[in-house]
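Overview (structure and organization)
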Amino acid sequence: MLITVPLAGELKFYPVNETFRISFGAPTFFFFLLLFQRIPSVLAGFLTGITVVCFRMVIDLIAGYHTAWEASLQAHYSSFFFYFAYSVLFYLTGMRRLHNRTILVGLMGMVIEVLADLIEFLSQHVLLDTVLTWEAVQEMLVIALSHSFIVISFLNMMKLYEAQSREQQTRKQNEHILMLISTLYEESIHLKKTLQNAESISMKSFELYQGLQELHKEQVATNVESFAKQALIVAGEVHEIKKDNQRIFAGLHKLISDESITDYMDIHQIVDIIKRSNMKYATLLEKDIQITASISGTHPLYHVFMMLSLINNLVANAVEAIQQTGAISIEIDRIGDLVEIRINDDGPGVPPRRKALLFKPGFTTKYDQTGNPSTGIGLSYVQQLVEQWQGEISLQDGVDGKGTTFLMRLPIDPITKKE
């Protein structure tokens, strides 16, 4: 502020006389007072006034306009009264409390500038006997009005930029939350399957215990009782695992099953989220992959976590399959009561001998840097979910035998908002 205001003040003209100037220093000072809410306005005006006067005196002495500093001070001292009076009036009117009322701030800024101009002129009149005309006052009003609304325009532009930045940040946070909830949705399916397995193991262990007890009663072997006790311990431990999993599943199920209007989203928005997240994933893997999308037909609002879980799994697999550079396309079409989803990539493809195993739980071709395999449950999860909704999924070779295409057909009813 102390640097910019004196510089802006050199863009000036003189409507009354050679000493009374109107410059762009005033709107610049007004802009800083509105922008810097925590700076005491009176202190800012006092320091700015001194800085402006000193700056103009230095310019006069360098340019040779005045040979003595006393003459230069006499020519410019009144600027101090302008900025100091401006800051005092700014403080007394409580302008900072009105920052959201744009029109009022603009009008108040005009009044403050005119009053500060008059105070500056009064200081000149006392020492220099300058005369103020009505035409000069009218010119002051017009210039003050234009200054105020130029400042308000810049402030509104800044607020708009800040609002857009906040909206972009909020959108990124919402997308991150959606992806997290989508992952929770997927994990709850796996947890439900684990619960079923735990229940099955518990029953079989208990049946084994009962069978061994019967054998012990018949005295088939002397060590049957110890085996029976071990079987009972196994059944009890698995039962504890099942109870713990049930508590976790209950919390997850409540979290993802209490549907609201925010659980449903336009398919274009869902695909945009998937594109952005997987472009970031490709960058993380140091790959150059282009992801495009094509959506045809009229679509209802889809359940965001269901669609994210399905499509994101397949697109992420395609990102991992592509070696360094490549392209992925997402094609979605509405066919009657079905939605058809195609995920195409130009990666190395899947050998024929592996196609039959691709949807098997635990089968994987992906290993990390230490040689540990992936879980191999992504595609089996997708297949399980698709079949649960009476849909179908298939694997096809890409165009001209290059790459891979996953084709899903889902009935619209289970994945759309219920009226």
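Residues numbered from 1 in each chain as written. Predicted model: local features only at pLDDT ≥ 70, side-chain atom pairs only at ≥ 80, totals over all residues. Heavy atoms only, no water.

Re the overall build of the chain
Helix and strand content of the chain: twelve helices and nine strands. The buried share of the chain, taken over its 419 residues, is 40%. Within the chain, contacts between residues at least 6 apart in sequence are counted, and of these 70% link residues at least 24 apart. With the model as given, the accessible surface of the chain reaches about 23,600 Å², and the carbon-plus-sulfur share is 60%. (Helix = DSSP H or I, 4+ residues; strand = E, 2+ residues; numbered from the N terminus. Buried < 20%, exposed > 50% of the residue type's maximum accessible area, 1.4 Å probe, protein only. Contact = heavy atoms within 4.5 Å. Areas by Shrake-Rupley, 256 points an atom, 1.4 Å probe, with all protein chains shown as cover.)

Considering the nonpolar core
Of all hydrophobic cores here, the largest spans 43 residues; its most connected members are Ile270, Ile311, Ile328, Ile330 and Ile341. Secondary-structure elements contributing two or more residues to this core are helix H9 (267–284), strand E4 (288–296), helix H10 (304–321), strand E6 (325–335), strand E7 (338–345), helix H12 (378–388), strand E8 (392–397) and strand E9 (404–411). The biggest single contributor to this core is H10, with eleven residues. Excluding residues that lie within four positions of it along the chain, Ile328 makes contacts with Ile289, Gln290, Ile291, Thr292, Val315, Ala318, Val319, Ile322, Ile343, Asn344 and Asp345. Among the nonpolar cores identified, the runner-up in size contains 23 residues, and Phe29, Phe31, Phe82 and Leu89 belong to it. (Core = buried A, V, L, I, M, F, W, Y, C linked by side-chain atoms within 4.5 Å.)

Considering the packing of aromatic side chains
This structure, assessed with the given rule, holds 13 aromatic pairs. An angle of 25 degrees between the planes, with centres 5.5 Å apart, marks the rings of Phe32 and Phe36 as stacked. Each member of the aromatic cluster is reached from another via a ring pair, and the members are Phe29, Phe30, Phe82, Tyr83, Tyr86 and Phe90. (Phe/Tyr/Trp six-rings, centres within 6.5 Å; stacked < 30°, edge-to-face > 60°.)

Observations regarding the packing of helix H2 (residues 25–35) against helix H5 (residues 78–92)
Running from N to C, H2 and H5 point in directions that differ by 35 degrees, and their axes come no closer than 11 Å. Handedness of the crossing formed by H2 with H5: right-handed. Contacts between H2 and H5 involve Gly25, Ala26, Phe29, Phe30, Leu33 and Leu34 from the first element and Phe82, Tyr83, Tyr86, Ser87 and Phe90 from the second. Looking at the contact of H2 with H5 residue by residue, the classes come out as nine nonpolar, two polar and no charged. (Axes fitted to C-alpha atoms, helices over the stretch in contact; angles between N-to-C directions. Left-handed = near helix turned anticlockwise from the far one by under 90°. Nonpolar A, V, L, I, M, F, W, Y, C, P; charged D, E, K, R; others polar.)

Topic: the packing of H9 against H10
Packing of H9 against H10 brings their axes to within 10 Å, and their N-to-C directions diverge by 35 degrees. Considering how the two elements wind past one another, H9 and H10 form a crossing that is right-handed. Listed contacts from H10 to Ile267, Ile270, Ile273, Ile274, Ser277, Asn278, Tyr281 and Ala282 of H9 are Val304, Met307, Leu308, Ile311, Asn312, Val315, Ala316, Val319 and Glu320. Its residues placed into classes, the contact of H9 with H10 shows 13 nonpolar, three polar and one charged.

Concerning the pattern of salt bridges
Evaluation of the coordinates by the stated rule reveals three salt bridges. As a salt-bridge pair, Glu340 and Arg342 come within 3.6 Å of each other at their nearest N and O atoms. The shortest N-O distance in the salt bridge between Glu392 and Arg409 comes to 3.3 Å. Placement of Glu392 in strand E8 and of Arg409 in strand E9 is noted, with a sequence separation of 17 residues between them. (Salt bridge = Lys/Arg side-chain N within 4 Å of Asp/Glu carboxyl O.)

What to know about a nonpolar patch on the surface
On the surface, Leu2, Val42, Leu43, Phe46, Leu47, Ile50, Phe84, Tyr91 and Leu92 cluster together into a nonpolar patch covering about 790 Å² of accessible area. Within the secondary structure layout, Leu2 lies in the segment before helix H1 (4–8). (Patch = residues over 30% accessible without salt bridge, like charges linked within 9 Å, V, L, I, M, F, W, Y side chains within 5 Å.)

A word on unusual backbone geometry
We note that Glu286 has phi near 60 degrees; this positive angle belongs to a residue other than glycine. Within the secondary structure, Glu286 is located in the loop between H9 and E4. The backbone phi angle of Gln390 is positive, close to 60 degrees, even though this residue is not glycine. Within the secondary structure, Gln390 is located in the loop between H12 and E8.

As for the environment of Gly45
By the element assignment, Gly45 lies in helix H3 (residues 41–63). A sequence separation of 38 residues divides Gly45 from Tyr83, and the C-alpha atoms of the two residues are 5.2 Å apart. Discounting chain neighbours no more than four positions away, the residues touching Gly45 are Phe29, Tyr83, Phe84 and Ser87.

With respect to the confidence of the model for the chain
Across the chain, the average pLDDT comes to 76, with 71% of residues at or above 70. Per-residue pLDDT stays below 50 along residues 367–377; that stretch engages in 15 contacts with residues further than four places along the chain or on separate chains. (pLDDT = per-residue confidence, 0-100.)

Here's the deal with the sheet that holds E8
Strands sit in the order E4-E6-E7-E9-E8 across an open sheet of five strands; the sheet is mixed. Two strands in the sheet have a free side with no partner beyond their single neighbour: E4 and E8. When the angles between neighbouring strand axes are averaged without regard to direction, this sheet yields 15 degrees. Two elements, E7 and E9, share eight bridges in a ladder whose sense is antiparallel. (Pairing = 2+ DSSP bridges.)

A word on H10
Compared with the 26 Å implied by 1.5 Å per residue over 18 residues, the 25 Å span of H10 between its first and last C-alpha is a close match. The buried count for H10 comes to 16 of 18 residues, which makes it a mostly enclosed element. (Expected span 1.5 Å × (residues − 1).)

Section: the environment of Ile152
Mapped onto the fold, Ile152 is located in helix H7 (residues 134–217). The spacing of Ile152 and Pro27 is 125 residues in sequence and 9.6 Å in space, taken between C-alpha atoms. Residues contacting Ile152, with those up to four places away along its chain left out, are Leu34, Thr102, Val105 and Gly106.

Focus: the environment of Tyr381
Structurally, Tyr381 can be placed in helix H12. Between the alpha carbons of Tyr381 and Asn313 there is a distance of 9.1 Å; along the sequence they are 68 residues apart.

Topic: H9
Helix length check: H9 (18 residues) gives 26 Å between terminal C-alpha atoms against 26 Å at 1.5 Å per residue, within 8%. All buried positions along H9 are accounted for by Ile267, Ile270, Val271, Ile273, Ile274, Asn278 and Ala282. The arc that holds the buried residues of H9, viewed along the axis, is 165 degrees, so those residues lie on one side. Relative to its buried face, H9 has exposed residues pointing more than 90 degrees away, namely Lys280, Thr283 and Leu284. Remark: Glu286 follows H9 within two positions and exhibits a positive phi of approximately 60 degrees. (Arc of directions from axis to C-beta.)

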